[in-house]
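Spelled out, the chains give:
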Amino acid sequence: MLREIRPAIVLLLVLTAITGLAYPLAMTGIAGAIFPAKAQGSLIEKDGKVVGSALIGQEFKDDKYFHGRPSATLAPDPNDSTKTVSAPYNAANSGGSNLGPTSKALADRLKEDVDKLRSENPKAPVPVDLVTTSASGLDPDISPEAAQFQVPRVAKVRNMPEDALKALVAANTEGRLLGLLGEPRVNVLALNLALDRASAK
């Protein structure tokens, strides 16, 4: 019986070593050599300190900054472990809200968000990505239209010319991959860091 089981055990150990150790280590090494920044999490630094990742959004509440998409991620309530509380851009609990188009809670939140945004910029239509959450809840990017929509508010708070901010948004807009895939986008953290640098001049 041991003679019949031994090949299966040996095969299990060999495949575990190959697929569980050798392959992941080789891919990590290759990725680190070819794409060192991306392999380390696409981290963004300011003054030598890591302030975030280009892959995970952050919540910016202050009116002097551009805001990202709403995030529906949650975290356990520290006061009651049977409940959850809102925790925007919580990478440990990525996911959407699961609220459907007939949800009153979703309709009420959307109306409140749209009304608030219309009060900031009544002349422009509200871009959909400023009021809807992404499927992951971690989206770090917004559309160029969503960034341009926020220009009047940021310009007013920072006392900067709108044209300078529009140019800053354009300079931080990434195009489609290979000119074909995806949509043009603006990384909110990178834009806000560029905004701080421009304001400091």
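This text gives an overview of the structure that appears in the document. Keep in mind the model is a prediction, meaning the values are calculated, not measured.

**With respect to the nonpolar core**
One recurring pattern in soluble globular proteins is that nonpolar side chains are buried together. Formed by 26 residues in total, the largest nonpolar core has its most connected members in F66, L165, V169, L191 and L195. Every element with two or more residues in this core is listed here: α3 (104–120), α4 (144–149), α5 (151–158), α6 (162–171) and α7 (188–200). No other element matches α7, which puts six residues into this core. Apart from the residues lying within four places of it in its own chain, the contact partners of V169 are F66, P144, A147, Q148, V151, V186 and L191.

**Overview of unusual backbone geometry**
For residues that are not glycine, phi is negative in most cases, and the peptide bond is trans in most cases. The residue Y89 is not glycine, and still its phi comes out positive at about 60°. Inspection of the secondary structure assignment puts Y89 in the loop between β4 (80–86) and α3. Take Y89: its relative accessible area is 11%, and that puts it in the buried class. Despite not being glycine, N159 shows a phi value in the positive range, around 55°.

**A closer look at the packing of α5 against α6**
In contact at an axis separation of 9 Å, α5 and α6 are set at 125° when each is read in the N-to-C sense. The pairing of α5 with α6 is recorded here as oblique in orientation. Crossing geometry of α5 relative to α6 is assigned as right-handed. Note on element contacts: α6 touches α5 through E162, L165, K166 and V169, opposite V151, P152, V154 and A155.

Thresholds applied
Residues numbered from 1 in each chain as written. Predicted model: local features only at pLDDT ≥ 70, side-chain atom pairs only at ≥ 80, totals over all residues. Heavy atoms only, no water. Core = buried A, V, L, I, M, F, W, Y, C linked by side-chain atoms within 4.5 Å. Buried < 20%, exposed > 50% of the residue type's maximum accessible area, 1.4 Å probe, protein only. Helix = DSSP H or I, 4+ residues; strand = E, 2+ residues; numbered from the N terminus. Contact = heavy atoms within 4.5 Å. Axes fitted to C-alpha atoms, helices over the stretch in contact; angles between N-to-C directions. Parallel < 35°, antiparallel > 145°, perpendicular 65-115°, else oblique. Left-handed = near helix turned anticlockwise from the far one by under 90°.

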